[in-house]
Each structure stands twice: as C-alpha cells, then as structure tokens.
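# Tertiary structure, described
This is what each chain is made of:
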Amino acid sequence: LSSDVCSSSLSSGINAEYGEDEVSSSFQELLVEIIKRPKFDEKAEVDEEGVKADYNDMIEFIDARRIVDIVYLLTSRSLSHISMLQEEYYQKQGVELYTVLESITDHHIKDGLVSFLSVASDYPRYCAYELHNSMDGSGTDEGSLTRIITTRADKDLKVIKTLYDEMFDKSLYQAIYDDTSGDYRRTLLALL
C-alpha cells in the first residue's frame, strides 16, 4: 500500500473513532508521520552538526508554535538523533524539550509528542511506565500488557523488569500476578 492510501485510511479511522472535532489535525499529522517513518539504523553515528541545526529549527518552531513543523522534524529523525536533540535542548535551555512541548500543545498531540520523546530517550523506562498504566486502576489493558511482554521478552524485558521494580516499588511479576488470572497469567509470568 502507498503511504498516501495508509494516511487517508488512518485519518478516516481516527475521525470515525473520535469524531472530527475531537482530534486535531496536528495529532493526525503526528500519527500519519509516525507510520510513514522510515526505518533508521539506530546504531549509526548521529550527525552532531545535524543535531545542532535541528536544535535551532526547534527553537524557531517552538517560538512560532509551528506544531506541524515540530512533528515533521521529530518523525524524520532516528530515535538516537532525537535523544541527542533532547539533550542538546536541555543543555542549552535548562528545561526538558517535552516540558516545553507540553506547554504549547494540548490534548492528544501533547500526549503523542511526549510519548514519542519518551520512546526516543529511554524506551525500556517508557515500557515500564506503560506496563504500570496497563494494570493501574480497575481492569487491565490486556492489549498493552500482552504487546509489551511478548515483543520485549527476547530483547530487553530484564531491563524493563528492573526499572519497573525501581519505579513502582513492586515487582513486575507481582503486579502481573495480582492483576491477571488463569492461563493468561501463567503465560505472561512464564515470559518473564
């Protein structure tokens, strides 16, 4: 499928799910651009001059509240590049980039940008946080819980487990045990 067909289909789906007035065009742009993102070699060396140029562009985009330009810049760079951009921003501005983006955006676009930056800066920590959210409160978001446990099991689940324990003063094993039951519980715990 072409990216235009996917973009059109995604926009239609978002409008059907949330209603056209509920979701900003900036948020739709963010979702579409994330889906269209090319696959980057995250192990490749990051161009430090490119990070500095992006920092200058980001300052301009933030000052002018050019949200769509911010979305295009962030979604067209590798996660390693974005992580370095966040560090550059913090070193020069004394404030986290996500904090500034939170202050100039609202609703879905704010959550989307903050999540995207969280993934870029510390993916295992982001996963630990999302695991907690999937089991916090009444009910379980089984889709999120299953997705994270199964996709990270052979990659970095040990790191995520350690972070979870540190962040929430409860072991991930115990949280899953307390929040699930039956074969579902046994399967998830076996993957840990």
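Residues numbered from 1 in each chain as written. Predicted model: local features only at pLDDT ≥ 70, side-chain atom pairs only at ≥ 80, totals over all residues. Heavy atoms only, no water.

## Concerning the overall build of the chain
- Of the regular secondary structure elements, the chain holds twelve helices and zero strands.
- The buried share among the 192 residues of the chain stands at 37%.
- Looking at the chain alone, contacts between residues at least 24 apart form 66% of all its contacts between residues at least 6 apart.
- Counting every atom, the chain has about 11,000 Å² of accessible surface; 47% of that belongs to carbon and sulfur. (Helix = DSSP H or I, 4+ residues; strand = E, 2+ residues; numbered from the N terminus. Buried < 20%, exposed > 50% of the residue type's maximum accessible area, 1.4 Å probe, protein only. Contact = heavy atoms within 4.5 Å. Areas by Shrake-Rupley, 256 points an atom, 1.4 Å probe, with all protein chains shown as cover.)

## A closer look at the packing of helix α3 (residues 48–63) against helix α5 (residues 79–93)
- Remark: α3 packs on α5, axes separated minimally by 9 Å, with the N-to-C direction vectors making an angle of 65 degrees. Judged by the twist between their axes, the crossing of α3 over α5 is right-handed. In this structure, α3 contributes E48, G50, V51, K52, D54, Y55, M58, I59 and I62 to the contact, and α5 contributes H81, M84, L85, E88, Y89, K92 and Q93.
- Each residue belonging to the contact of α3 with α5 can be placed in one class, and the counts come to eight nonpolar, three polar and five charged. (Axes fitted to C-alpha atoms, helices over the stretch in contact; angles between N-to-C directions. Left-handed = near helix turned anticlockwise from the far one by under 90°. Nonpolar A, V, L, I, M, F, W, Y, C, P; charged D, E, K, R; others polar.)

## Some details on the layout of surface pockets
- Empty space within the largest pocket amounts to approximately 710 Å³.
- What lines the largest pocket is a set of 22 residues, among which I34, S115, F116, V119 and Y126 lie closest to the centre.
- Broken down by secondary-structure element, the contributors of at least two residues to the lining of the largest pocket are α2 (25–36), α7 (107–121), α8 (123–135) and α9 (142–152).
- For the lining of the largest pocket, the element with the most residues is α7, which contributes six residues.
- Residue composition of the lining of the largest pocket, by class: eleven nonpolar, six polar and five charged.
- Here the second largest pocket defines a volume of roughly 230 Å³.
- Lining the second largest pocket are D111, V114, S115, S118, S121, D122, R125, Y126, Y129, E130 and M167.
- Of all the secondary structure elements, the ones that give two or more residues to the lining of the second largest pocket are α7 and α8.
- With five residues, α7 is the single largest residue contributor to the lining of the second largest pocket.
- Residues that form the lining of the second largest pocket fall into these classes: four nonpolar, three polar and four charged. (1 Å grid on protein atoms, 1.4 Å probe; cavity = no way out; pocket = protein on both sides within 12 Å on 5 of 7 lines; lining within 4 Å. Points joined across faces, edges and corners; volume = space filled by probe spheres on them.)

## A short note on the packing of aromatic side chains
- Throughout the structure, instances matching the rule amount to three aromatic pairs.
- For the pair Y164 and F168, a centre-to-centre distance of 4.9 Å together with 50 degrees between the ring planes defines the contact as tilted. Taken together, the residues Y164 and F168, both in helix α10 (residues 157–168) and four residues apart, mark about one turn of the helix.
- Geometry around Y177 places R185 over its ring, the cationic atom sitting 3.9 Å from the centre. (Phe/Tyr/Trp six-rings, centres within 6.5 Å; stacked < 30°, edge-to-face > 60°. Lys NZ or Arg CZ within 6 Å of the ring centre and 35° of its normal.)

## A look at unusual backbone geometry
- Of note, the phi angle at R65 is positive, near 55 degrees, even though the residue is not glycine.
- Here R65 shows up in the loop between α3 and α4 (67–75).
- Positive phi, normally seen in glycine, also occurs at D169, with a value near 50 degrees.
- If you trace the backbone, D169 turns up in the loop between α10 and α11 (172–179).

## As for the pattern of salt bridges
- This structure, assessed with the given rule, holds nine salt bridges.
- One salt bridge in this structure joins D69 and R66, with 2.6 Å as the shortest N-O distance.
- On the basis of relative accessible area, D69 is assigned to the partly exposed category, the value being 25%.
- Judged by relative accessible area, which is 32%, R66 ranks as partly exposed.
- We note a salt bridge from K92 to E88, for which the minimum N-O separation is 2.7 Å. Within this pair, K92 and its partner E88 are both found in helix α5, separated by four residues, close to a single helical turn.
- In this structure, a network of salt bridges that share partners links the residues E60, R66 and D69. (Salt bridge = Lys/Arg side-chain N within 4 Å of Asp/Glu carboxyl O.)

Treat this as a map of the structure, not an account of what it does.
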